[in-house]
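Close look at the chain arrangement
Given next are the chains, with one letter for each unit.
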Amino acid sequence: NVQFDVVHMHGFFEQNAPEEQLSLESRVLDENEIATPAFILELLDELKPATDDTVVLYYSGHGGVDDRGSYFELAGGNHLNGYDIRQRPTARRQQ
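As a starting point, this report considers the structure included with it. (Residues numbered from 1 in each chain as written. Predicted model: local features only at pLDDT ≥ 70, side-chain atom pairs only at ≥ 80, totals over all residues. Heavy atoms only, no water.)

Let's shift gears to the overall build of the protein chain. Each helix and strand in the protein chain was counted, giving 4 helices and 3 strands. Secondary structure elements of the protein chain occur, N-terminal to C-terminal, as α-α-β-β-β-α-α. Of all 95 residues assigned to the protein chain, the portion counted as buried reaches 16%. Residue pairs in contact within the protein chain that sit at least 24 positions apart in sequence constitute 43% of those at least 6 positions apart. (Helix = DSSP H or I, 4+ residues; strand = E, 2+ residues; numbered from the N terminus. Buried < 20%, exposed > 50% of the residue type's maximum accessible area, 1.4 Å probe, protein only. Contact = heavy atoms within 4.5 Å.)

This is the structure we're talking about:
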């Protein structure tokens, strides 16, 4: 389940990254929130990483590949394409 994934991903980073360089934030949607592409992109836009920070987006769910590349399959048959994530200001600052 999602909570299991969150705990294990936190553990992975805590065991493999220097503590002084690690800042973990997780966001699990509650039952009243719907994971639409716009909602997820809005959450990503709220991040304010420094230019030398690494942002990891871990998605617990299904996905696939289409003509635009890999995508996350969201509720209601919506897709969030990896290309759209990479085009966010947060991602562009990292390049």
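Approximately 1,500 Å³ is the volume found for the largest pocket. What lines the largest pocket is a set of 40 residues, among which Glu25, Ser26, Val56, Leu57 and Tyr58 lie closest to the centre. Those elements giving two or more residues to the lining of the largest pocket turn out to be α1 (2-16), α2 (37-45) and β2 (69-73). Take the lining of the largest pocket: its biggest share by element is 6 residues, from α1. (1 Å grid on protein atoms, 1.4 Å probe; cavity = no way out; pocket = protein on both sides within 12 Å on 5 of 7 lines; lining within 4 Å. Points joined across faces, edges and corners; volume = space filled by probe spheres on them.)

Moving on to the environment of arginine 68. Tracing the chain through its elements places arginine 68 in the loop between β1 (63-66) and β2. You can call arginine 68 partly exposed: its relative accessible area is 43%. The spatial distance from the C-alpha of arginine 68 to the C-alpha of proline 37 is 15 Å, given a sequence separation of 31 residues. Discounting residues that sit within four places of it in the chain, arginine 68 has contacts with Asn81, Tyr83 and Asp84.

Counting residues in each nonpolar core, the largest one holds 7 residues, listed as Ala35, Ile40, Leu41, Leu44, Leu74, Leu80 and Ile85. Counting residues per element, this core draws most heavily on α2, which supplies 3 residues. (Core = buried A, V, L, I, M, F, W, Y, C linked by side-chain atoms within 4.5 Å.)

This part covers the sheet that holds β2. An order of β1-β2-β3 is seen for the 3 strands of this open sheet, with the pairing classed as antiparallel. Both outer strands of the open sheet, β1 and β3 (79-81), are each paired with one neighbouring strand and no more. Strand after strand, the sheet turns through a mean of 35° between neighbouring axes, direction not considered. Where β1 meets β2, 4 bridges bridge the pair, whose relative direction is antiparallel. The residue of β2 that forms the bridge with glycine 64 is tyrosine 71. (Pairing = 2+ DSSP bridges. Axes fitted to C-alpha atoms, helices over the stretch in contact; angles between N-to-C directions.)

Time to look at α1. End to end, α1 covers 21 Å across 15 residues, agreeing with the expected 21 Å (1.5 Å per residue, within 8%). Considered for burial, the residues of α1 that qualify are Asp5, Val6 and Gly11. (Expected span 1.5 Å × (residues − 1).)

Keep in mind that these numbers describe shape and distance, not what the molecule does.
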